[in-house]
Amino acid sequence: HQNHATMEPMNATVRWTPERCEVWTPTQNGEASLAAAAAASGLPIARCEVYKLPLGGGFGRRGAQDWIPQAVEIARAMPGTPVKLMWTREEDMTHGRYHPVTQAKLSGGLDATGRLVALHVRLSGQSILAGVAPQNLQEGRDPVAFQGLTPAGDGAFGYDVPDLLVDHAMRNPHVPPGFWRGVNHNQNAIYLECFVDELAHAAGADPLAFRRRHMQKHPKHLAVLEAAAARAGWGTPAPQGVFRGLAQHMGFGSYTAAVAEVSVSPQGALKIHRIVAATDPGHAVNPQQIAAKVEGSFAYGLSACLYGECTVRDGRIEQRNFDTYPVLRLADMPKVETIVMPSGGFWGGVGEPTIAVAAPAVLNAVFAATGRRVRTLPLRHADLKRAGA
């Protein structure tokens, strides 16, 4: 599980009178906030007002509205008096809507020439829709669970495989799920891109060349991968002790790729030096803002990959503050180089898609450095000493 861990805890200011209810709150869904306020106020929705404020981090957490009814109910006990409610950090982190816990088993078949001819991706784990919008399940199936692995759409699979099967066994624990920045693209990209790297290794092929061979029908996927690899110097010697890994993915309508450069000390200490990221969002109105979003997405995605973990004891989340739920610090943040390469014709997302390639690019670079495949996150629990050392 992952926590949203927003810098600003959930909060709202409410003024309630028998005639009117006003709410000031940072929210990702103003309409849902208004509905929640009206339901708690005892007033018709026409006599309620929600003023949306700039939010100190959302990442999906502020799509839920559980703090607003609480603030409204307190304000109803003090008619006419503005009441400001702010959760403590501990309340915020133990009363969240968490990224779902999942796992996957993948099987692939290579022919005599090293070409991938069959692939089975077996997903298992929690469904976000089952927790937050069960009416959107389709005959008991969660279509959102397949993000990045569908034949077409805003999260399309990017490889040519003659025989492909992707399925999902839904297993829902009691921990409430939520839309976490990047949603299901995060784990699906890890599963697929790390396994494609394993397939390349099994075929005795360079990871880029192996992908290129299987992406001829997916030119936009391939274009961002080629751009990131070229900028990073793939195929040329890296600095002494530095190793590279790459990944590509499509999510929220945008094509993304990344090359990570890492080193691992003899004691197994990981250092991420540089990430080159390419994104094709269709159109780029403000390239500098896109670059900032990409950099921020890597800070978020690498925090999850390296450190993020919520554990449950006696039915409660154990991580109550940043001392037990660490995030990436400045000293550990790699240099991020962003290539913005809009190809036109569509409008894709920016703030979420590149999160998906953060972890698999690093994990594939870790294998290049150590010969070890890391299949369980977070990385801080992994033994990264070189294989055989």
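Note that the structure is predicted; figures quoted are calculated from it, not measured.

Thresholds, definitions, all that
Residues numbered from 1 in each chain as written. Predicted model: local features only at pLDDT ≥ 70, side-chain atom pairs only at ≥ 80, totals over all residues. Heavy atoms only, no water. Helix = DSSP H or I, 4+ residues; strand = E, 2+ residues; numbered from the N terminus. Rg over C-alpha atoms; globule rule 2.2 N^0.38 Å. Buried < 20%, exposed > 50% of the residue type's maximum accessible area, 1.4 Å probe, protein only. Contact = heavy atoms within 4.5 Å. Areas by Shrake-Rupley, 256 points an atom, 1.4 Å probe, with all protein chains shown as cover. Lys, Arg positive; Asp, Glu negative; His and termini not counted. Charge placed at Lys NZ, Arg CZ, Asp CG, Glu CD. Disulfide = S-S within 2.5 Å. Pairing = 2+ DSSP bridges. Polar contact = N/O pair within 3.5 Å; in protein donor to acceptor, adjacent residues only side chain to side chain. Phe/Tyr/Trp six-rings, centres within 6.5 Å; stacked < 30°, edge-to-face > 60°. Lys NZ or Arg CZ within 6 Å of the ring centre and 35° of its normal.

Before going further, it helps to spend a moment on the overall build of the protein. Helix and strand counts for the protein come out as nine helices and 13 strands. Scaling as 2.2 N^0.38, a compact globule of 389 residues should have a C-alpha radius of gyration of about 21 Å, and the protein matches this with 22 Å. Projected onto its principal axes, the C-alpha coordinates of the protein cover approximately 75 × 45 × 45 Å. Per-residue burial for the protein yields a buried fraction of 51% across its 389 residues. Considering only contacts within the protein whose residues lie at least 6 apart along the sequence, 73% involve residues at least 24 apart. Of the accessible surface of the protein, which amounts to about 17200 Å², a share of 54% is contributed by carbon and sulfur atoms. Measuring between centres, the 37 positive side-chain charges of the protein sit 3 Å from its 33 negative side-chain charges.

Turning to the state of the cysteines, a few remarks are in order. Inspection of the entire model under this criterion finds zero disulfides. No disulfide involves Cys48; its sulfur sits 4.9 Å from that of Cys21, the nearest cysteine. We note that Cys305 lacks a disulfide partner, and the nearest cysteine sulfur, in Cys194, lies 8.6 Å from it. On the basis of relative accessible area, Cys305 is assigned to the buried category, the value being 2%.

Further remarks concern the side chain of Thr25. Inspection of the secondary structure assignment puts Thr25 in strand 2 (residues 21-25). On the accessibility criterion, Thr25 (0% relative accessible area) is buried. Apart from the residues lying within four places of it in its own chain, the contact partners of Thr25 are Asn11, Ala12, Ser33, Val50, Tyr51, Lys52, Leu53, Trp67 and Ile68.

Our next topic: the pairing of strand 5 (residues 102-110). Bridge count between strand 5 and strand 6 (residues 116-125): nine bridges; the pairing is antiparallel. Opposite Lys105, over in strand 6, you have Arg122 as the bridge partner. Two successive antiparallel strands, strand 5 and strand 6, enclose a turn made up of five residues, where Gly114 displays a positive phi of approximately 90°.

With that settled, consider the side chain of Gln126. Position of Gln126 relative to the elements: it lies in the loop between strand 6 and helix 4 (128-132). Side-chain polar atoms of Gln126 contact the backbone oxygen of Val175, separated by 2.6 Å. The contacts of Gln126, once residues within four sequence positions are left out, are His1, Pro100, Val101, Thr102, His168, Arg171, Asn172, Pro173, Val175, Pro176 and Pro177.

Right, let's get into the packing of aromatic side chains. This model, assessed by the stated rule, comprises five aromatic pairs. Where Trp180 meets Tyr300, the ring centres are 4.9 Å apart and the plane angle is 35°; that geometry is what we call tilted. Highlighted residues: Trp180 in the loop between strand 7 (163-170) and helix 5 (185-202) and Tyr300 in helix 8 (residues 287-306), separated in sequence by 120 residues. Each of the two residues, Trp180 as well as Tyr300, counts as buried. A network of ring pairs unites the aromatic residues Phe59, Trp180 and Tyr300 as a single cluster. Across from the ring centre of Tyr300, 5.6 Å away, lies the NZ or CZ of Arg181, which sits over that ring. Over the face of the ring belonging to Phe367 we find Arg373, whose NZ or CZ atom lies 3.6 Å from the ring centre.

Function-wise, these values are silent; they only describe arrangement.
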